[in-house]
Amino acid sequence: MQQIGSGSVVQRLWAKPAITVIGIDTTSIAKASNTLIPRARAKVSMRVAPGGNALAHLAALTRHLESHAPWGARVTVTPGDVGQPYAIDASGPVYDAARSAFTQAWGTAPVDMGMGGSIPFIAEFAETFPDATILVTGVEDPGTQAHSVNESLHLGVLEKAAISEALLLDALAR
């Protein structure tokens, strides 16, 4: 299987922007014919890696789409919400306490991992509260299917996450 793009999987996940079509409106299969359709829409999600500028990336994507419209088609880009990327420096006593709490609750050391971009409000939060320590966690089991229509969480996993949080809050209170 050949992948689209360039670079290693790690680079693609953590250090490069990514574009995904997350929805398409066009003629349904039931009504499709061998004719040109007058209109189609797509919703595109763009993840911007830390160090990138979301507005500059959006402008570049818009220019690309508009300049590559086939056969005289008209392309209209309607920007949605824009969130800047952010990379958290996960060092210091709060992060050490969090790792300790996770280790106690789960019986194994947690895995630190970065994902390109971040939850969109994190950069705004960090800018508004520059002295705040930001801890972003995600607890999932293999069947979680995060962000899908069938997203779920095993109750045993939820219990360990709650224990982790209680242990962290106890450590921070000291």
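Predicted model only: the values in this text are computed from it and were never measured. (Residues numbered from 1 in each chain as written. Predicted model: local features only at pLDDT ≥ 70, side-chain atom pairs only at ≥ 80, totals over all residues. Heavy atoms only, no water.)

Chemist: Could you clarify how one ought to interpret the overall build of the protein chain in this entry?
Modeler: When helices and strands are counted, the protein chain shows five helices and two strands. Secondary structure elements in the protein chain, listed N-terminal to C-terminal, are α-β-β-α-α-α-α. Taken over C-alpha atoms, the radius of gyration comes to 21 Å for the protein chain, far larger than the 16 Å a tight globule of 174 residues would show. Its C-alpha atoms put the protein chain at 70 × 35 × 30 Å along the principal axes. (Helix = DSSP H or I, 4+ residues; strand = E, 2+ residues; numbered from the N terminus. Rg over C-alpha atoms; globule rule 2.2 N^0.38 Å.)

Chemist: Help me understand a nonpolar patch on the surface, please; the structure alone is not making it clear to me.
Modeler: Together, Tyr86, Ile88, Ile119, Phe121, Phe125, Phe129 and Val136 make up an exposed nonpolar region whose accessible area comes to about 610 Å². Mapped onto the fold, Ile88 is located in the loop between helix H2 (54-67) and helix H3 (93-106). (Patch = residues over 30% accessible without salt bridge, like charges linked within 9 Å, V, L, I, M, F, W, Y side chains within 5 Å. Areas by Shrake-Rupley, 256 points an atom, 1.4 Å probe, with all protein chains shown as cover. Salt bridge = Lys/Arg side-chain N within 4 Å of Asp/Glu carboxyl O.)

Chemist: Which parts of the structure should I look at to understand helix H4 (residues 121-128)?
Modeler: For an α-helix the count is 3.6 residues per turn, leaving residues at separations of three or four pointing the same way. Within the sequence span of H4, burial applies to Ile122, Ala123 and Ala126. All buried residues of H4 fall inside an arc of 100 degrees around its axis, so they share one side. For H4, the exposed residues set more than 90 degrees away from the buried face come down to Glu124, Glu127 and Thr128. (Buried < 20%, exposed > 50% of the residue type's maximum accessible area, 1.4 Å probe, protein only. Arc of directions from axis to C-beta.)

Chemist: Help me understand unusual backbone geometry, please; the structure alone is not making it clear to me.
Modeler: Residues other than glycine predominantly adopt negative phi, and peptide bonds predominantly adopt the trans conformation. Positive phi, normally seen in glycine, also occurs at Trp71, with a value near 50 degrees. Positionally, Trp71 belongs in the loop between H2 and H3. Taking the relative accessible area as the measure of exposure, Trp71 reaches 87% and is therefore exposed.

Chemist: Hey, could you run me through the layout of surface pockets in this one?
Modeler: There is about 2,000 Å³ of room inside the largest pocket. Lining the largest pocket are 46 residues, with Ala42, Lys43, Val44, Leu65 and Thr76 positioned closest to its centre. For the lining of the largest pocket, the secondary structure elements donating two or more residues are strand S1 (18-25), strand S2 (41-47) and H2. No other element matches S1, which puts eight residues into the lining of the largest pocket. The residue inventory of the lining of the largest pocket, partitioned by class, reads 26 nonpolar, 13 polar and seven charged. (1 Å grid on protein atoms, 1.4 Å probe; cavity = no way out; pocket = protein on both sides within 12 Å on 5 of 7 lines; lining within 4 Å. Points joined across faces, edges and corners; volume = space filled by probe spheres on them. Nonpolar A, V, L, I, M, F, W, Y, C, P; charged D, E, K, R; others polar.)

Chemist: So what exactly am I meant to see when it comes to the pattern of salt bridges here?
Modeler: Side chains carrying opposite charge are able to pair once their charged atoms draw close together. What the rule picks out here adds up to four salt bridges. Linking Arg99 and Asp112 is a salt bridge whose minimum nitrogen-to-oxygen distance equals 2.5 Å. In this pair, Arg99 is assigned in helix H3 and Asp112 in the loop between H3 and H4, connecting sequence segments 13 residues apart. Arg99 sits in the partly exposed class, given a relative accessible area of 23%. Residues joined in a network through salt bridges with shared partners are Asp96, Arg99 and Asp112.

Chemist: Would you mind showing me how to read the environment of Val111 here?
Modeler: Within the element layout of this structure, Val111 appears in the loop between H3 and H4. Exposure remark for Val111: the relative accessible area of 68% places this residue in the exposed category. Once the C-alpha coordinates of Val111 and Lys16 are considered, the two residues, 95 residues apart in sequence, prove to be 21 Å apart.

Chemist: When you look at helix H5 (residues 155-173) in this model, what are you seeing that I'm missing?
Modeler: Compared with an ideal rise of 1.5 Å per residue, which puts 19 residues at 27 Å, H5 spans 27 Å between its outermost C-alpha atoms and is within 8% of the ideal. Structurally, H5 contributes buried residues whose contacts are with H3. (Expected span 1.5 Å × (residues − 1). Contact = heavy atoms within 4.5 Å.)

Function cannot be read off these values alone, since they describe shape.
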